[in-house]
Amino acid sequence: MSKLLRAFGIVLILGGVLHSACVLHQYSTRGVPELDRVLLHSWLAEAQILAGVFYLMAPRALRAGGAWNLSSVAAAVTLLTYAVPYIPVLFLRAPVGFRIAPIVYSALCIFILVRVG
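All figures in this text were calculated on a predicted structure; none of them were measured in a lab.

Cut-offs applied
Residues numbered from 1 in each chain as written. Predicted model: local features only at pLDDT ≥ 70, side-chain atom pairs only at ≥ 80, totals over all residues. Heavy atoms only, no water. Helix = DSSP H or I, 4+ residues; strand = E, 2+ residues; numbered from the N terminus. Buried < 20%, exposed > 50% of the residue type's maximum accessible area, 1.4 Å probe, protein only. 1 Å grid on protein atoms, 1.4 Å probe; cavity = no way out; pocket = protein on both sides within 12 Å on 5 of 7 lines; lining within 4 Å. Points joined across faces, edges and corners; volume = space filled by probe spheres on them. Axes fitted to C-alpha atoms, helices over the stretch in contact; angles between N-to-C directions. Left-handed = near helix turned anticlockwise from the far one by under 90°. Nonpolar A, V, L, I, M, F, W, Y, C, P; charged D, E, K, R; others polar. pLDDT = per-residue confidence, 0-100. Contact = heavy atoms within 4.5 Å. Patch = residues over 30% accessible without salt bridge, like charges linked within 9 Å, V, L, I, M, F, W, Y side chains within 5 Å. Areas by Shrake-Rupley, 256 points an atom, 1.4 Å probe, with all protein chains shown as cover. Salt bridge = Lys/Arg side-chain N within 4 Å of Asp/Glu carboxyl O. Core = buried A, V, L, I, M, F, W, Y, C linked by side-chain atoms within 4.5 Å. Expected span 1.5 Å × (residues − 1). Phe/Tyr/Trp six-rings, centres within 6.5 Å; stacked < 30°, edge-to-face > 60°.

I tried to follow the overall build of the chain on my own but got confused; where do I start?
Of the regular secondary structure elements, the chain holds 4 helices and 0 strands. Listing each helix as α and each strand as β along the chain from the N terminus yields α-α-α-α. The dimensions of the chain, computed from C-alpha atoms along their principal axes, are 50 × 25 × 20 Å. Looking at the 117 residues of the chain, the share that counts as buried comes to 33%.

Right under this line is the structure:
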């Protein structure tokens, strides 16, 4: 479980940083969109990075004999609060490639929550 949490944390942090870089590139080439879109992009990156940090904290707590499940639950809830509401929207409006990550992230979070519980 420790390796899964660490790997998932790294993937999420890298995904959030990459999302931010791609958004900044898009803004610099196409212009900054309306404020609600900017806030949405910020929220998505923030949720990924924050959940990633929580998942990276979990293996350390596990090794130290601490409450690793608290940071795992915090990570899962953080990620699920952004991913689950947007999955239906992505199926209606986005290409297939944009649907994969939120679905995989959600499935892994649910798996981790089941293991914690």
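Having seen it, we continue.
Which parts of the structure should I look at to understand the layout of surface pockets?
The probe, sized like a water molecule, is rolled over the atoms to show the empty space still left. Of the volumes computed, that of the largest pocket is approximately 840 Å³. Around the largest pocket sit 22 residues that line it, and His19, His41, Leu44, Leu90 and Phe98 are the ones nearest its centre. Secondary-structure elements contributing two or more residues to the lining of the largest pocket are helix 1 (2-30), helix 2 (35-64), helix 3 (68-93) and helix 4 (97-116).

Teacher, can you tell me more about the packing of helix 3 against helix 4 here?
Helix packing geometry: the angle between the two helix axes and the distance between the axes. At a minimum axis distance of 8 Å, the contact between helix 3 and helix 4 shows a crossing angle of 145°. Helix 3 and helix 4 meet at a crossing whose hand is left-handed. Looking at the contact of helix 3 with helix 4 residue by residue, the classes come out as 20 nonpolar, 3 polar and 1 charged.

Looking at this structure, I do not really get the confidence of the model for the chain. What am I missing?
In low-pLDDT segments, the atomic positions of the prediction should not be examined closely. Per-chain confidence: the chain averages 92 in pLDDT, with 100% of residues scoring 70 or above. Mean pLDDT across the secondary structure elements of the chain bottoms out at helix 3, with 91, and peaks at helix 1, with 95.

Honestly, the environment of Trp43 in this entry has me stumped. Any pointers?
Relative to the assigned elements, Trp43 resides in helix 2. Along the primary structure Trp43 and Tyr82 are separated by 39 residues, whereas in three dimensions their C-alpha atoms are 8.1 Å apart. Excluding anything up to four places from it in sequence, Trp43 contacts Thr81, Tyr82 and Tyr86.

Before we go on, may I ask you to explain a nonpolar patch on the surface in this structure?
A surface patch of nonpolar side chains, amounting to about 260 Å² of accessible area, comprises Val96, Ile100 and Val104. Looking at where Ile100 falls in the secondary structure, it is placed in helix 4.

Any chance you could explain the nonpolar core here in plain terms?
Across soluble globular proteins, nonpolar side chains show a tendency to be buried alongside one another. Phe8, Leu12, Tyr55, Leu79, Tyr82 and Cys109 are the most contacted members of the largest nonpolar core, which totals 20 residues. Contributing elements (two or more residues each) for this core: helix 1, helix 2, helix 3 and helix 4. Looking at which element gives the most residues to this core, the answer is helix 3, with 7 residues. The residues touching Phe8, leaving out its near neighbours within four places in the chain, are Tyr55, Leu79, Tyr105, Leu108, Cys109 and Ile112.

What is the right way to read helix 4 from this model?
Along an α-helix, residues three or four apart share an orientation, since each turn contains 3.6 residues. Between its first and last C-alpha, helix 4 extends 30 Å over 20 residues, near the 28 Å set by a 1.5 Å rise per residue. Within helix 4, the full set of buried residues consists of Arg99, Pro102, Tyr105, Ser106, Cys109, Ile112 and Val116. The secondary structure elements touched by the buried residues of helix 4 are helix 1, helix 2 and helix 3.

Sorry, what's going on with the packing of aromatic side chains here?
One pass over the structure, following the stated rule, counts 3 aromatic pairs. With a centroid separation of 4.9 Å and 35° between ring planes, the pair formed by Phe8 and Tyr55 is classed as tilted. On the criterion of sequence distance, the pair formed by Phe8 in helix 1 and Tyr55 in helix 2 is long-range, its members being 47 residues apart. Each of the two residues, Phe8 as well as Tyr55, counts as buried.

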